[in-house]
Amino acid sequence: MATLEINGKTIPVDEDGYLENLEDWDKEVAAFLAKQEGIDTLTDGHWAVIEVMQKTFKETGTGPSLRKLSKASGVPTKELYQLFPKGPAKKAAKVAGIPKPTGCV
Amino acid sequence: MENNNYEPVKKVSIIISKNSLENVYPGLIMANGALMEGMDAVLFFTFFGTDVVTKNRMDKLQIKDVNNFMSHMPAPNGPMPENLTQFVTDQIMAQFDSMDIPPVGEFLEMIHDGGGQIFACKAMADMFHLTKDDLCDEVDDIISVGKMYEVSAGAQIIYT
């Protein structure tokens, strides 16, 4: 199984680099994963989206895909693509420590 | 998922040539799905597909293959609706809504906001006497077939 080494902790991830367990997630892990995705600094805008990703995952067992994420967070699609370029739902899910969303829209 | 050693798809160019909802939605979903995966996407609307981006037609698109859909749905209570096409269209749109699949106009906006490029076909604009003012705001330009190939550089071209 693939793992990440973050601040001395060994964290298991799946083959696409998504955390296996949300319990391993904290803000430092998020910052590490964000850097991997090309996001240097996590702003308030990012954190608000990350919070919605985790909340939806805890409530439904799956991360929201793009349209659900936009509706649930109140962040317009265009802005989501600016915050998490090249695939906002999947990138936000990775940084939030939840599995890749499976929805089609 | 196994992807062996194949080069991943990086860009799609999807041609939508029909105006029935069952032919329009697959292209919209594939274009949006490409953007969601971090790929580039181009949409080119031609022939009756031009209706999808024409302001006074885009909200009136219907399911055309009504019989096919009826075979997948429970029979309506009471007599058959008089306007079966509209009945089936309304059912499908309600189903889409429950699945978070947006109406055509909102879908085009999502795709455009996600960086997707949207073009209408010059020959069809000429034939239907349409100018850019007749088309929705998301249309980047009205272009020739030659230009369509140019903007599709590096893309997998998908005809629907």
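Along each chain, the written sequence defines residue order, and numbers are assigned to residues from 1. For this description, chains carry letters from A and ligands carry numbers from 1, given in the order in which they are written. Given that the model is predicted, a residue must reach a pLDDT of at least 70 before its local features are reported, and side-chain atom pairs must reach 80 or more before they are shown or counted; all residues, however, enter totals for whole chains, interfaces and linings. As a rule here, side-chain values cover all heavy atoms of the structure and leave hydrogens and water aside.

Some details on the overall build of chain A
- A tally of helices and strands in chain A yields five helices and two strands.
- For chain A, the α and β elements follow one another from N to C terminus as β-β-α-α-α-α-α.
- Computed over its C-alpha atoms, the radius of gyration of chain A comes to 13 Å, within 12% of the 13 Å expected for a compact globule of 105 residues.
- Each principal axis of the C-alpha distribution contributes one length, and for chain A these read about 35 × 30 × 20 Å.
- Each residue gets one of three labels from its accessible area relative to the maximum for its type: buried under 20%, exposed over 50%, partly exposed in between, using a 1.4 Å probe on protein chains only. Looking at chain A residue by residue over its 105 residues, the buried ones come to 49%.
- Here, residues are in contact when the closest pair of their heavy atoms is within 4.5 Å. Sequence-distant contacts in chain A: of pairs separated by 6 or more residues, those separated by 24 or more amount to 48%.
- Calculation of accessible area relied on Shrake-Rupley with a 1.4 Å probe; when residues are assessed, cover is drawn exclusively from the protein chains displayed. Looking at chain A as shown, the accessible area adds up to about 5,400 Å², and 50% of this sits on carbon and sulfur atoms.
- Under this rule, positive means Lys or Arg and negative means Asp or Glu; His and the chain ends count for nothing. Lysine's charge is taken at NZ, arginine's at CZ, aspartate's at CG and glutamate's at CD. Once the 14 positive and 15 negative side-chain charges of chain A are each reduced to a mean point, those two points are 9 Å apart. In this text, helices come from DSSP runs of H or I with a minimum length of four residues, and strands from runs of E with a minimum of two, each type numbered from the N-terminal end. Throughout, radius of gyration means the C-alpha value; the globule benchmark is 2.2 Å times the number of residues raised to the power 0.38.

Focus: the layout of surface pockets
- Considered as a void within the structure, the second largest pocket measures approximately 280 Å³ in volume.
- Taken together, 16 residues line the second largest pocket, and the ones lying closest to its centre are Ser65, Lys68 and Gly103 of chain A together with Met99 and Asp100 of chain B.
- Going through the elements one at a time, α2 (44-60) and α3 (66-73) of chain A are the ones with two or more residues in the lining of the second largest pocket.
- Here the lining of the second largest pocket gets three residues from one element, more than from any other, and that element is α2 of chain A.
- Lys, Arg, Asp and Glu make up the charged group, whereas Ala, Val, Leu, Ile, Met, Phe, Trp, Tyr, Cys and Pro make up the nonpolar group; the residues left over, Gly among them, are polar. Here the residues of the lining of the second largest pocket sort into six nonpolar, seven polar and three charged. The distinction between a cavity and a pocket rests on a 1 Å grid over the protein atoms alone: a 1.4 Å probe fits inside a cavity but cannot get out, while a pocket stays open yet meets protein on both sides within 12 Å along at least five of seven lines, and a residue with an atom within 4 Å of a point counts as lining. Grid points are joined across faces, edges and corners, and a volume is the space filled by probe spheres set on the points.

Here we look at the packing of aromatic side chains
- Two aromatic rings from Phe, Tyr or Trp, using only the six-membered ring of Trp, form a pair when their centres are within 6.5 Å; if the ring planes differ by under 30 degrees the pair is stacked, by over 60 it is edge-to-face, and anything between is tilted. One pass over the full model with this rule turns up five aromatic pairs over all chains.
- Ring geometry for Trp25 of chain A versus Trp47 of chain A: centroids 6.5 Å apart, planes at 75 degrees, classification edge-to-face. Here Trp25 of chain A, found in the loop between β2 (9-13) and α1 (27-36), pairs with Trp47 of chain A, found in helix α2; they are 22 residues apart in sequence, far enough to count as distant.
- The interplanar angle of 25 degrees and the centroid separation of 6.4 Å between the aromatic rings of Phe48 of chain B and Phe128 of chain B together place this pair among those described as stacked. Of this pair, Phe48 of chain B sits in the loop between β2 (40-45) and α2 (66-70) while Phe128 of chain B is found in the loop between α5 (122-127) and β4 (141-143), placing the two residues 80 residues apart along the sequence.
- Judged by relative accessible area, which is 46%, Phe48 of chain B ranks as partly exposed.

Thoughts on the side chain of Asn19 of chain B
All names here are of chain B.
- Considering the arrangement of structural elements, one finds Asn19 in the loop between β1 (11-16) and α1 (21-36).
- Polar side-chain contacts of Asn19 include one of 2.8 Å to the side chain of Asp51.
- Within the structure, Asn19 has its side chain in polar contact with the side chain of Lys64 (distance 3.1 Å).
- Contact partners of Asn19, with chain neighbours within four places excluded, come to Val24, Phe48, Gly49, Asp51, Leu61, Gln62 and Lys64. Any pair of N or O atoms that falls within 3.5 Å is considered a polar contact. Within protein, one atom must be able to donate a hydrogen and the other to accept it, and sequence-neighbouring residues count only if both atoms are side-chain atoms.

A few points about the pairing of strand β3 (residues 117-121) of chain B
Residues and elements named next belong to chain B.
- Burial analysis of β3 places four of its five residues in the buried class, the great majority of the element.
- Pairing between β2 and β3: four bridges, direction parallel. When the sheet's bridge partners are listed, Leu43 is paired in β3 with Ile118.
- Here a strand pair is declared whenever DSSP counts at least two bridges between the two strands. In terms of strand pairing, β3 meets β4 through three bridges, oriented parallel. Within β4, the residue paired with Phe119 across the bridge is Asp141.
- Here a crossover is taken to be right-handed if, once the strands point away from the viewer, the path from the first strand over the helix to the second is traced clockwise. Handedness of the crossover is the feature at issue here: the chain leaves β3, passes through α5, returns alongside β4, and the resulting connection is right-handed.

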